[in-house]
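Residue-level structural notes
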Amino acid sequence: MALGITLGYFGVQDRYYHLRRIGSSQVKEEHYHDYFQICYVLRGEMEHYHADKMVSLGQGDAFIIPPGLTHRLVFVSTETEIYSLSFDEHVFSPGFPQSGAYKFLSMLQEKSVATREQPVKRRVILDSDQRKNVQALLECLMREQETAYPREMSSAPSLISAILYTLSQSYYQQPQNAEEFNEATAYANTLTRCTEYIDQHYMEHITLDILVKQFALSRSTFCTLFPQFTGLSLKQYISRKRILEAEALIRSHPELPLQEVASMVGYEEISTFYRNFVRIAGVSPSKYKEICSGKEDT
């Protein structure tokens, strides 16, 4: 049975990433994790196993593993040394889902979810300039990891994004991977249009069936990719948009009755409006109205 590992193994849940330079692995058996892992071979050779397939990697090679994919690493010689970077998507800024690096991660994750029996295709062959760039970025990230800067001042998200961009440039230069990139880009563009549609029509009755028909996606593809793209389920995304608009209405038009505000943002039942408002805003709509009008007790 494969061993499951979380970021808590490194004690970095609040930072969302961990980087180490290692010459052997403490986890020698098959394992999977709930985070992405990037490995870069500094020197020597190693073998990367997935299912019954094996790929050999040498100095300057890299690979990236998405969450949930079972694999195993073997260090071939005593001089083998690698950088191992572990991170999850929370390390990035809210705008990250719109980036090309996110498309790369989404493609890898989607492929791993689709089949557990695919051969290992995680070897990324870097040219000399790409090797220099990746190694320099990892060295910068190692120094950044040792600082005590607050998250909002950390350069780690930008450094990890730059590493991902370099890996994706190399990965998609390989002809067999170009089709995957085009597919991932097409999905990202479609989901961008989908969220724009929801943002414009949030007050209307929007269902999964309406969206998959309008944007030519299967139900399974939509339900898999939409949460990856937005970080929320369709129901959560619509609810959040409606409550944010309700907050804006209460601030700009305090004279409006809450029943009317609820109706304007798409709620037929005032009880549903109240329940979602409390869950998302943290206070009731009436309390929020008091706060905005300055009538809250001090």
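You'll find the structure just up there.
First things first, this report covers the structure right here in the doc.

What follows deals with the packing of helix α7 (residues 234-252) against helix α10 (residues 285-293). Contact geometry for α7 and α10: axes closest at 9 Å, N-to-C directions at 40 degrees. By the angle class used here, α7 and α10 are oblique. Crossing hand, α7 versus α10: right-handed. Of the residues in α10, those in contact with Glu247, Ile250 and Arg251 of α7 are Pro285, Tyr288, Lys289 and Cys292. A breakdown of the residues in the contact of α7 with α10 according to their chemical character gives four nonpolar, no polar and three charged.

Moving on: the sheet that holds strand β5 (residues 46-50). Spatially, β6-β5-β8 is the arrangement adopted by the three strands of the open sheet, whose pairing is antiparallel. Each of the sheet's edge strands pairs with one partner strand only, and the pair in question is β6 (53-57) and β8 (72-75). Each neighbouring strand pair of the sheet contributes to a mean axis angle of 20 degrees, computed without reference to strand direction. Relative to β6, β5 is paired through five bridges, and the arrangement is antiparallel. Opposite histidine 48, over in β6, you have valine 55 as the bridge partner.

A few words on the pairing of β8. In β8, alternate side chains face the same way, and those of Leu73 and Phe75 are buried while those of Arg72 and Val74 on the opposite face are not. When β5 meets β8, the two strands line up antiparallel, connected through four bridges. What sits directly across from glutamate 47, in β8, is valine 74.

With 19 residues, α7 ought to run about 27 Å at 1.5 Å a step, and its terminal C-alpha atoms sit 27 Å apart, in line with that. Buried within α7 are the following residues: Leu234, Tyr237, Ile238, Ser239, Lys241, Arg242, Ile243, Ala246, Glu247, Leu249 and Ile250.

Its twelve residues give helix α6 (residues 219-230) an end-to-end C-alpha distance of 16 Å, which sits within 8% of 16 Å, the value for a rise of 1.5 Å per residue. Considered for burial, the residues of α6 that qualify are Thr221, Phe222, Leu225, Phe226, Gln228 and Phe229. Taken end-on, α6 shows its buried residues confined to a sector of 165 degrees, consistent with a single buried face. Where α6 ends, the next residue or the one after it, glycine 231, has phi of about 80 degrees, a positive value.

Across soluble globular proteins, nonpolar side chains have a tendency to be buried as a group. Residues Leu85, Phe87, Leu141 and Ile160 are the most contacted members of the largest nonpolar core, which totals 28 residues. Only β2 (17-22), β4 (36-43), β7 (61-65), β9 (81-87), α2 (128-145) and α3 (156-173) provide two or more residues apiece to this core. Broken down by element, this core gets its largest block of residues, seven residues, from α3. Not counting residues within four places of it along the chain, the set of residues in contact with phenylalanine 87 comprises Tyr16, Tyr17, Tyr35, Phe36, Ile38, Phe92, Leu105, Ile160 and Leu164. If you look at the next biggest cluster of nonpolar residues, it comprises 18 residues, including Leu191, Phe226, Phe229 and Tyr237.

Okay, the sheet that holds β4 next. The five strands lie next to each other as β2-β9-β4-β7-β10, forming an open sheet whose pairing is antiparallel. Edge positions in the open sheet fall to β2 and β10 (123-125), since each of these has one partner strand only. The mean inter-strand angle of the sheet, taken between neighbouring strand axes irrespective of direction, is 20 degrees. As paired strands, β4 and β9 are joined by seven bridges and run antiparallel to one another. Bridge pairing in β9 places isoleucine 38 opposite leucine 85. Seen against the sheet, α2 touches β2, β4, β7, β9 and β10 and runs at an angle of roughly 115 degrees to β2.

The next thing to look at is unusual backbone geometry. For tyrosine 16, which is not glycine, the phi torsion reads 70 degrees and is therefore positive. Turning to its location among the elements, tyrosine 16 is positioned in the loop between β1 (3-5) and β2. Residues other than glycine seldom take positive phi values, yet alanine 216 does so here, at roughly 55 degrees. Its relative accessible area of 70% is what places alanine 216 among the exposed residues.

Applying the stated criterion across every chain yields a total of eleven aromatic pairs. Relative to tyrosine 237, the ring of phenylalanine 226 has its centre 5.6 Å away and its plane inclined at 80 degrees; by these criteria the two rings are edge-to-face. Here the residue phenylalanine 226 occupies a position in helix α6, and tyrosine 237 occupies one in helix α7, the gap between them amounting to eleven residues. Under the relative-accessibility criterion, phenylalanine 226 is labelled buried at 1%. Exposure remark for tyrosine 237: the relative accessible area of 15% places this residue in the buried category. Pairing tyrosine 267 with phenylalanine 273 gives two aromatic rings, centres 5.7 Å apart and planes at 55 degrees, and the pair type is tilted. Neither tyrosine 267 nor phenylalanine 273 differs from the other in exposure class; each is buried. The ring of tyrosine 49 carries the charged tip of arginine 72 above its face, separated from the ring centre by 4.4 Å. Across from the ring centre of tyrosine 267, 5.2 Å away, lies the NZ or CZ of arginine 242, which sits over that ring.

Criteria and thresholds
Positions within a chain are numbered from 1, following the residues in the order the chain's sequence is written. Given that the model is predicted, a residue must reach a pLDDT of at least 70 before its local features are reported, and side-chain atom pairs must reach 80 or more before they are shown or counted; all residues, however, enter totals for whole chains, interfaces and linings. Processing note: side-chain calculations cover all non-hydrogen atoms of the structure and skip hydrogens and water entirely. Axis definition: a line fitted to C-alpha atoms, over the contacting stretch in the case of helices. Angles run 0 to 180 degrees between N-to-C directions. By definition, any uninterrupted DSSP run of H or I lasting at least four residues is a helix, any uninterrupted run of E lasting at least two residues is a strand, and each is numbered from the N terminus. Angle categories are assigned with fixed cut-offs, so that under 35 degrees is roughly parallel, over 145 is roughly antiparallel, 65 to 115 is roughly perpendicular, and the rest are oblique. Two helices that cross are described as forming a left-handed crossing if the nearer one is turned anticlockwise from the farther one by less than a right angle, and a right-handed crossing if clockwise. Any two residues whose heavy atoms approach within 4.5 Å at even a single point are treated as in contact. All amino acids are sorted into three groups, where Ala, Val, Leu, Ile, Met, Phe, Trp, Tyr, Cys and Pro are nonpolar, Asp, Glu, Lys and Arg are charged, and the leftover types, Gly among them, are polar. Strand pairing is defined by DSSP finding a minimum of two bridges between the two strands. Exposure is judged per residue with a 1.4 Å probe applied to protein chains only, and the accessible area is read against the type maximum: over 50% gives exposed, under 20% gives buried, and values in between give partly exposed. Expected helix span is given by 1.5 Å per residue-to-residue step, counting one fewer step than there are residues. Arc definition: it is the arc formed by the directions from the helix axis to the C-beta atoms. By nonpolar core we mean a set of buried residues, namely Ala, Val, Leu, Ile, Met, Phe, Trp, Tyr and Cys, connected to one another through side-chain atoms within 4.5 Å. Pairing of aromatic side chains here covers Phe, Tyr and the six-membered ring of Trp, requires ring centres within 6.5 Å, and sorts the geometry by plane angle: under 30 degrees stacked, over 60 edge-to-face, intermediate tilted. We call a charge positioned over a ring when the NZ of a Lys or the CZ of an Arg lies within 6 Å of the ring centre and within 35 degrees of the ring normal.

All we've got here are geometric facts, nothing functional implied.
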